[in-house]
Amino acid sequence: MAVVSAFGFMYLKDIKETDKNINTRGKWFAFSLLVYTAVDVVTAVILSRHDCGIISAISTLILLNAMFLLAVIDFRHKMIPNKYISGLVIIRAVLIVCEGIVKNDFIEILIGSLIGMLIGFMILGITALVSGKNLGGGDVKMYAVIGFFTGGSAVLDVLIYSSVICALTGLLLVVMKKCSMKSLVPMAPFAFVGTVLYVLLGA
């Protein structure tokens with residue numbers, strides 16, 4: 001999965017149009033392959049210990065790989081394209097059906113996923129309304145998708161991890177005078193790290 005993800009990453013329009021230089025894109029391929037391989041291997045080992053099932057493992061790997069892609073796009077373009085959010089919703093819906101058939105518990109799995117989506121959407125939606133322009137619609141939809149993949153209580157863990165890391169990073173950048181308190185930072189990179197920590201600390 002890591003190799004396929006890395007090739008797909010390098011040739012996606014959002015990456016390809018920014019880096020038309022083949023050498024730069026080659027470096028991105030090497031970097032993305034390293035990240036995808038590390039994430040996939042560690043995740044596979046952790047999930048195998050928890051005996052979560054093959055479909056749940058695939059779902060987690062897809063989420064992590066997709067979150068890395070969103071992190072890079074958000075970091076470079078300051079946006080999260082709807083096409084990736086929509087694609088992830090479709091993929092997760094298919095996986096829910098498959099997992100429901102295998103476990104013979106479709107309704108419970110679907111409800112858990114929808115609750116996670118609702119929690120992610122509502123918390124980030126309320127935060128976006130309160131903070132004004134500090135959070136965009138893409139961030140709200142991104143956390144809704146994370147909740148759709150992880151479920152209710154898990155998306156709260158991801159939110160806590162990513163928010164703490166974002167706050168500490170922002171504070172460090174302010175101290176180093178790399179940005180001000182009013183500077184906007186892309187949220188997807190922190191959401192990616194928060195999702196990784198959620199898996200590492202007990203998915």
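Residues numbered from 1 in each chain as written. Predicted model: local features only at pLDDT ≥ 70, side-chain atom pairs only at ≥ 80, totals over all residues. Heavy atoms only, no water.

Draft legend 1. Representation of a nonpolar patch on the surface within the structure. Taken together, the side chains of Val97, Ile101, Phe106, Ile107, Ile111 and Ile115 make up a nonpolar region of the molecular surface, amounting to roughly 550 Å² of accessible area. Looking at the nonpolar patch, the elements that each hand over two or more residues are α5 (82–103) and α6 (106–131). Ranked by the residues each element gives to the nonpolar patch, the list is headed by α6, at four residues. Checked against the element boundaries, Ile111 lands in helix α6. A relative accessible area of 44% means that Ile111 is categorised as partly exposed. (Patch = residues over 30% accessible without salt bridge, like charges linked within 9 Å, V, L, I, M, F, W, Y side chains within 5 Å. Areas by Shrake-Rupley, 256 points an atom, 1.4 Å probe, with all protein chains shown as cover. Salt bridge = Lys/Arg side-chain N within 4 Å of Asp/Glu carboxyl O. Helix = DSSP H or I, 4+ residues; strand = E, 2+ residues; numbered from the N terminus. Buried < 20%, exposed > 50% of the residue type's maximum accessible area, 1.4 Å probe, protein only.)

Draft legend 2. Geometry of helix α7 (residues 137–150). For α7, which comprises 14 residues, the first-to-last C-alpha distance of 20 Å matches the rise-based estimate of 20 Å (1.5 Å per residue) to within 8%. Gly138, Asp139, Val140, Met142, Tyr143, Ala144, Val145, Ile146, Gly147, Phe148, Phe149 and Thr150 are the residues of α7 that are buried. Here the buried face of α7 lies against α4 (54–77), α5, α6, α8 (152–175) and α9 (188–200). (Expected span 1.5 Å × (residues − 1). Contact = heavy atoms within 4.5 Å.)

Draft legend 3. Region of interest: the nonpolar core. Counting 37 residues, the largest nonpolar core has Met67, Leu70, Met142, Tyr143, Ile146 and Phe192 as the members making the most contacts within it. Among the elements that take part in this core, α4 stands out by supplying 10 residues, more than any other. Met67 has contacts with Met142, Ile146, Ala188, Ala191, Phe192 and Thr195, leaving out every residue within four places of it along the chain. (Core = buried A, V, L, I, M, F, W, Y, C linked by side-chain atoms within 4.5 Å.)

Draft legend 4. Summary view of the packing of α5 against α7. Orientation of α5 relative to α7, taken along the N-to-C sense of each, is 15°, at an axis distance of 10 Å. The angle between the axes of α5 and α7 places the two elements in the roughly parallel class. Crossing hand, α5 versus α7: left-handed. Side by side, α5 and α7 meet where Asn82, Ile85, Leu88, Val89, Arg92, Ala93 and Ile96 of the first sit next to Lys141, Met142, Val145, Phe148 and Phe149 of the second. In terms of residue class, the contact of α5 with α7 is made up of nine nonpolar, one polar and two charged. (Axes fitted to C-alpha atoms, helices over the stretch in contact; angles between N-to-C directions. Parallel < 35°, antiparallel > 145°, perpendicular 65-115°, else oblique. Left-handed = near helix turned anticlockwise from the far one by under 90°. Nonpolar A, V, L, I, M, F, W, Y, C, P; charged D, E, K, R; others polar.)

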